[in-house]
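Coordinate inspection notes
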Amino acid sequence: MALQWLFIGAILLVGASMAALPIALNTLLGPKKPNKNKSETYECGIETVGETWVQLKGQYYIFGLIFLIFDIEAVFLFPWAVAYDKLQLYMVLEGVLFILILAGGLVYAWRKGALEWV
Amino acid sequence: MSDPFGGIDNFLKDLLIGFGLDSTFVAVILKLAAAAVLGGLAGATAIVLIWVERKLVARIQDRLGPNRVGPYGLLQTIADALKLLTKEVLIPAGADRLVFQMAPLLVVASVIGVWAVMPLAPGLIGSDVNVGLLYILSVGSIGTLGIMMAGLSSNNKYALLGAFRTVAQMVSFMVPLILSLLIPTLLAGSMGMADIVNSQAGLWFIFLAPLAALIFFVSSIAEVGRTPFDLMEADSEIVAGFHIEYSGMAFGMFFVGEFVHAFTISALMAVIFLGGWRGPGAEAFPLLGLVYFLIKTSIMYFVVIWVRATFPRIRIDQMNAFNWKFVTPLALVVLMVTAIVDKLAIESGWPRFLVHVIANLLMVVGTLVILRTQAAALRRRLDVVPEAPVTQPETA
Amino acid sequence: MTPEQLLFLATGAFTLIASIMVVTSPRLVHGGLWLIAALAGTAVLFVLLENGFLAVVQVAIYIDAIAILIIIVVMLTRAVMKETDPQINRTWLLASLAALLLFGGLLAIIALLGPASRPALVQPEGGLDVLGKALVDVDGFILPFEIASVLLVAALIGAIVVARTPMRGEGGDWR
């Protein structure tokens, strides 16, 4: 078991170094002529006005929150799905009840207009 | 010939033990070498993929595509890579250097990490953990993090906005993705990828759960960020999005990451719904299994490119409405119906395939009926308002 | 010192350092990123405890959803890119003394109880399907299972009520 996870860790590191290698090569091979204009922030060729930071809308938070709720629900449902072959019908219906309650939450969010991207 | 991969493994193991090394140490070294080979191959396929995509999109658009550099333009990608290698690396003033440089690494690592659990042939899987599907979902999230870091550290309003829009899109479409992946789990009785392929011995899952396959496919395309969901790199909207400030090979790594991600989801589609390496004679000759896997993945990749070359881009509010008001409720309904119907079919002894096909057909008909009534109601609402004539008719 | 022990010590040290950096980073966004590092360290610890399922659940929920949500929330506030004041105030000496005393007390209690109170690592029989069956079994955890879903919906409703953006026509900008 430990060997399997070692493979996963190794391949993640291999992936990261596969990206790091060309970037390092680029840093070595590329020209280095620093110029004040080159390191300015890009804004379609004109100068930036004001801060380079905007305040986000609250809608991003709501999407992230709904995703979090459904993610936790899925984590509960994965063991239920893995044990599906050994379950009886009433146990399957209990899982369906779980999903229905969360679908009710989604319908509430829909009716309250929390899913609009204004 | 019946087990070439096991044969290579045993040969290498005997070779290294013959050098006098401890056997667990040898196993660890072989695993690490296999990880390096698989990771390297997965990244190197990008060179072929970019050429395939450019040629295919060109032909669909009735033009030729790259055909100057090398025979049929095969060396075009290498020429582009060499060009990117010799560009100057610009880091904008005020950018967060460490985070800025770590972002492309995370994006590429998350894509290559998925190949660790991909069953390529009978007996050839990198890491047979029994939580393969959930691992794929969690590794995909590292890419989302990389994009967020790229946007945050660029010291640029548009990179910030683009990165957060991208993250919102990817996070929104993860919900139907997770829900649709629950269905192969309950059909196969396990989360491990090798088990999912093994349990498609009788019938591929795309015949048992076609709607789930469709939802998975559409959500994956939205996750990767290809057309019609490619707001992330919409040049007309937010000036190249989160990777505005990246130049040279760092930008190239984002590019490569996207292409390899598209290929990876085609492979996932082939493994989870089309039976992976299954085919006539695959158990006897594992190399044939590898060939079947590559053929199925290429077919799905062709469909992905076909979709890209055909559909226009949709707006972000259309995309959000599509996700939250159509795909997610559909995925929930499909999950519930499939769970109940499968258990009923097994307990009552009805033929499984027929029951699932009828259930999916009913769901498709139900969805179309609901969409039609909604459209009719909308049209009725719009027709009630009388239209004022735009111009007065000229009277003599 | 087996390789697993070395890996455990290294991961533990990394998680501790990341947690300290979370609370002492001058920039909020950096704090969020160090939090992700600390959560990844916890996931590796789960793998070392031979529970792959909880490790991927940790990454999928904590890093994928909660850490991203925290960074979004941090971006919803102002002045997030600027360096804030140093995160240490005048009472840091007393606070660290109290924390050290607490840590020492816990260590002493665990040492006094002796090795009998530390059971060996039990390999779970059956794996995930046993967990799944237990979640919906009438003699099992069916009631907490359903109440968990009600709790999740309550959290969703509460957050929407608190964070609802103005509906179309009430104002709100193009972003």
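Attention in this report is confined to the structure presented alongside it. (Residues numbered from 1 in each chain as written. Chains lettered and ligands numbered in written order. Predicted model: local features only at pLDDT ≥ 70, side-chain atom pairs only at ≥ 80, totals over all residues. Heavy atoms only, no water.)

**A closer look at the overall build of chain B**
- In terms of helices and strands, chain B carries 13 helices and two strands.
- Projecting the C-alpha coordinates of chain B onto the three principal axes gives extents of approximately 105 × 70 × 40 Å.
- Expressed as a percentage of its 396 residues, the buried residues of chain B come to 55%.
- Partitioning the intrachain contacts of chain B with sequence separation of at least 6 by distance along the chain shows that 75% fall at a separation of at least 24.
- Summed over its atoms, the accessible surface of chain B is roughly 17,200 Å², and 69% of this surface lies on carbon and sulfur atoms.
- The average position of the 25 basic charges and that of the 25 acidic charges among the side chains of chain B differ by 6 Å. (Helix = DSSP H or I, 4+ residues; strand = E, 2+ residues; numbered from the N terminus. Buried < 20%, exposed > 50% of the residue type's maximum accessible area, 1.4 Å probe, protein only. Contact = heavy atoms within 4.5 Å. Areas by Shrake-Rupley, 256 points an atom, 1.4 Å probe, with all protein chains shown as cover. Lys, Arg positive; Asp, Glu negative; His and termini not counted. Charge placed at Lys NZ, Arg CZ, Asp CG, Glu CD.)

**A look at the overall build of chain A**
- Secondary structure summary: chain A contains three helices and zero strands in total.
- Helices and strands appear in chain A in the N-to-C order α-α-α.
- In chain A, which comprises 118 residues, the proportion classed as buried is 51%.
- Put simply, of all contacts in chain A between residues at least 6 apart along the chain, 57% involve residues at least 24 apart.
- Summed over all atoms, the accessible surface of chain A reaches about 5,300 Å², with 68% contributed by carbon and sulfur.

**Regarding the interface of chain B and chain C**
- Taken together, the contacts link 20 residues of chain B with 21 residues of chain C.
- For the pair chain B and chain C, the summed buried area comes to about 1,700 Å², and 81% of that belongs to carbon and sulfur atoms.
- One can count zero residue pairs in polar contact (both at pLDDT 80 or more) joining chain B with chain C.
- Residue assignment for the side of chain B that touches chain C shows that the elements contributing at least two residues are α5 (132-152) and α6 (157-188) of chain B. (Buried area = accessible area lost by both parts, 1.4 Å probe. Polar contact = N/O pair within 3.5 Å; in protein donor to acceptor, adjacent residues only side chain to side chain.)

**Topic: the packing of α5 of chain B against helix α3 (residues 52-76) of chain C**
- Between α5 of chain B and α3 of chain C, whose axes approach to 9 Å, the crossing angle comes to 25°. Comparing their axes, α3 of chain C and α5 of chain B come out roughly parallel. In this structure, α5 of chain B meets α3 of chain C at a crossing whose hand is left-handed. Across the interface between the two elements, Leu134, Tyr135, Leu137, Ser138, Ser141, Thr144, Leu145, Met148 and Leu152 of chain B of α5 of chain B pack against Phe53, Val56, Val57, Val59, Ala60, Ile63, Asp64, Ile68, Ile71, Ile72 and Met75 of chain C of α3 of chain C.
- Across the contact of α5 of chain B with α3 of chain C, the residue classes break down as 16 nonpolar, three polar and one charged. (Axes fitted to C-alpha atoms, helices over the stretch in contact; angles between N-to-C directions. Parallel < 35°, antiparallel > 145°, perpendicular 65-115°, else oblique. Left-handed = near helix turned anticlockwise from the far one by under 90°. Nonpolar A, V, L, I, M, F, W, Y, C, P; charged D, E, K, R; others polar.)

**Regarding the packing of aromatic side chains**
- Applying the stated criterion to the full structure yields 16 aromatic pairs over all chains.
- Through successive ring pairs, a cluster of aromatic residues spans Phe76 and Phe98 of chain A together with Phe145 of chain C.
- A cation over an aromatic ring shows up here: Lys343 of chain B above the ring of Tyr84 of chain A, its NZ or CZ 4.9 Å from the ring centre. (Phe/Tyr/Trp six-rings, centres within 6.5 Å; stacked < 30°, edge-to-face > 60°. Lys NZ or Arg CZ within 6 Å of the ring centre and 35° of its normal.)

**What to know about the nonpolar core**
- In this structure, Ile66 and Trp80 of chain A together with Trp115, Met118, Phe164 and Ile272 of chain B are the most contacted members of the largest nonpolar core, which totals 183 residues.
- Looking at which element gives the most residues to this core, the answer is α6 of chain B, with 19 residues.
- The residues that make up this core include at least three from each of domain 1 (1-83) and domain 2 (125-175) of chain C.
- Contacts of Ile272 of chain B, omitting those with residues within four sequence positions, involve Leu133, Leu181, Pro184, Met193, Ile196, Gln200, Phe205 and Phe216 of chain B. (Core = buried A, V, L, I, M, F, W, Y, C linked by side-chain atoms within 4.5 Å. Domains from an automatic or database assignment.)

**Notes on a nonpolar patch on the surface**
All names here are of chain B.
- A cluster of nonpolar side chains, contributed by Ile8, Phe11, Leu12, Leu15, Phe19, Leu21, Phe25 and Ile29, occupies part of the molecular surface with about 770 Å² of accessible area.
- Those elements giving two or more residues to the nonpolar patch turn out to be α1 (4-18) and α2 (23-60).
- The biggest single contributor to the nonpolar patch is α1, with four residues.
- Relative to the assigned elements, Phe11 resides in helix α1. (Patch = residues over 30% accessible without salt bridge, like charges linked within 9 Å, V, L, I, M, F, W, Y side chains within 5 Å. Salt bridge = Lys/Arg side-chain N within 4 Å of Asp/Glu carboxyl O.)

**Some words on α2 of chain B**
Residue and element names in this part refer to chain B.
- Taking 1.5 Å of rise per residue, the 38 residues of α2 would be expected to cover 56 Å, and the 54 Å separating its terminal C-alpha atoms lies within 8% of that figure.
- Along α2, the sharpest kink reaches roughly 30°, centred on Ile47.
- Positive phi appears at Asp62, one or two residues downstream of α2, with a value of about 65°. (Expected span 1.5 Å × (residues − 1). Bend = angle between axes of the 7 residues up to and from the residue.)

**Brief notes about the interface of chain B and chain A**
- Taken together, the contacts link 86 residues of chain B with 68 residues of chain A.
- Buried area between chain B and chain A, summed over both chains or domains, comes out near 6,700 Å², and the portion from carbon and sulfur atoms is 77%.
- One can count zero salt bridges joining chain B with chain A.
- The interface formed by chain B and chain A includes five residue pairs in polar contact (both at pLDDT 80 or more).
- Listed by contribution, the elements that provide at least two residues to the side of chain B that touches chain A are α2, α3 (76-85), α4 (97-113), α5, α6, α10 (249-273) and α12 (316-348) of chain B.
- When residues of the side of chain B that touches chain A are assigned to their parent elements, the largest contribution, 18 residues, is made by α6 of chain B.
- A class-by-class count of the residues in the side of chain B that touches chain A yields 56 nonpolar, 18 polar and 12 charged.

**Let's talk about the pattern of salt bridges**
Residue and element names in this part refer to chain B.
- On inspection of all chains with the given rule, the structure shows five salt bridges over all chains.
- A salt bridge links Glu53 to Arg308, with the shortest nitrogen-to-oxygen separation between them at 2.4 Å. You can see Glu53 sitting in helix α2 and its partner Arg308 sitting in helix α11 (residues 286-310), a full 255 residues away along the chain.
- For Glu53, a relative accessible area of 2% translates into the label buried.

**Some details on the side chain of Ser266 of chain B**
Residue and element names in this part refer to chain B.
- Structurally, Ser266 is set in helix α10.
- Under the relative-accessibility criterion, Ser266 is labelled buried at 1%.
- In this structure the side chain of Ser266 is engaged in a polar contact, spanning 2.8 Å, whose partner is the backbone oxygen of Ala262.
- Those residues in contact with Ser266, other than ones at most four positions away along the chain, are Thr297, Met300, Tyr301 and Val304.

**Describing the environment of Ala95 of chain B**
Residue and element names in this part refer to chain B.
- Structurally, Ala95 is set in the loop between α3 and α4.
- The class for Ala95 is buried, based on a relative accessible area of 13%.
- Sequence separation between Ala95 and Ser141 is 46 residues, and the spatial gap between their C-alpha atoms is 24 Å.
- If we skip the residues at most four places from it in the chain, Ala95 touches Ser153, Ser154 and Asn155.

**Notes on the layout of surface pockets**
- Of the pockets and cavities examined, the second largest pocket occupies roughly 1,200 Å³.
- In terms of lining residues, the second largest pocket is bounded by 38 residues, among which Phe5, Ala34, Leu38, Leu120 and Leu124 of chain B are the most central.
- Among the elements of the structure, α1 (2-29) of chain A together with α1, α2, β2 (124-125) and α11 of chain B are those that each provide at least two residues to the lining of the second largest pocket.
- If one sorts the elements of the lining of the second largest pocket by residue count, α2 of chain B sits on top with 14 residues. (1 Å grid on protein atoms, 1.4 Å probe; cavity = no way out; pocket = protein on both sides within 12 Å on 5 of 7 lines; lining within 4 Å. Points joined across faces, edges and corners; volume = space filled by probe spheres on them.)

**A look at the packing of α4 of chain B against α10 of chain B**
Residues and elements named next belong to chain B.
- Here α4 crosses α10 at 15°, and the two axes come no closer than 9 Å. Between α4 and α10, the crossing angle belongs to the class labelled roughly parallel. Considering only the axes of α4 and α10, their crossing is left-handed. Of the residues in α10, those in contact with Ala103, Pro104, Val107, Val108 and Val111 of α4 are Ala250, Met253, Phe254, Gly257, Val260, His261 and Thr264.
- By residue class, the composition of the contact of α4 with α10 is nine nonpolar, three polar and no charged.

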